[in-house]
Amino acid sequence: GEARIYGKLQESFKPSELLVQDVSGGCGSFYAITIASDAFKGMPIVKQHRMVNDVLKQEFEGIHGLQV
């Protein structure tokens, strides 16, 4: 799960910093994401989160929680 999420975010945002971590004890139900990208400059945090959520729509089917 981490690698799949990482790849999608890397491709979409070309981030200068990206960390994807399964914090659910390995079951893949909760992820913590740290991301910094020029694509987010000047945007409110809510809009940034929506952009990340849009990219990860398909992944949400198996995820119970996401911390961005």
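Each remark here, short or long, concerns the structure printed above.
Just so it is clear, the model here is predicted, and its values are computed rather than measured.

S.K.: What's the story with the pattern of salt bridges in this structure? I'm lost.
M.R.: Oppositely charged side chains can pair when the atoms bearing their charge come close. Evaluation of the coordinates by the stated rule reveals one salt bridge. As a salt-bridge pair, Asp38 and Lys41 come within 3.5 Å of each other at their nearest N and O atoms. There is no split in this pair, since Asp38 and Lys41 are both exposed.

S.K.: Is there a simple way to think about the pairing of strand E1 (residues 17-22) in this case?
M.R.: Along E1, the buried face is formed by Leu18, Val20 and Asp22; none of Glu17, Leu19 and Gln21, which line the opposite face, is buried. Direction of pairing for E1 relative to strand E2 (residues 30-36): antiparallel, over a ladder of six bridges. In the sheet register, Gln21 faces E2, and the bridge partner there is Ala32.

S.K.: Got a minute to help me understand the environment of Gly1 in this structure?
M.R.: Mapped onto the elements of the fold, Gly1 is located in the segment before helix H1 (2-13). Given a relative accessible area of 43%, Gly1 falls into the partly exposed group.

S.K.: How do you make sense of the packing of aromatic side chains when you look at a structure like this?
M.R.: What characterises a pair of aromatic rings is the spacing of the ring centres plus the angle enclosed by the ring planes. Under the criterion given, the structure shown has one aromatic pair. The interplanar angle of 40 degrees and the centroid separation of 5.0 Å between the aromatic rings of Phe13 and Phe40 together place this pair among those described as tilted. In this pair, Phe13 is assigned in helix H1 and Phe40 in the loop between E2 and helix H2 (45-55), connecting sequence segments 27 residues apart. Among the residues examined, Phe13 registers a relative accessible area of 7% and is labelled buried.

The rules behind each value
Residues numbered from 1 in each chain as written. Predicted model: local features only at pLDDT ≥ 70, side-chain atom pairs only at ≥ 80, totals over all residues. Heavy atoms only, no water. Salt bridge = Lys/Arg side-chain N within 4 Å of Asp/Glu carboxyl O. Buried < 20%, exposed > 50% of the residue type's maximum accessible area, 1.4 Å probe, protein only. Helix = DSSP H or I, 4+ residues; strand = E, 2+ residues; numbered from the N terminus. Pairing = 2+ DSSP bridges. Phe/Tyr/Trp six-rings, centres within 6.5 Å; stacked < 30°, edge-to-face > 60°.

Bear in mind that shape data such as this cannot, by itself, settle questions of function.
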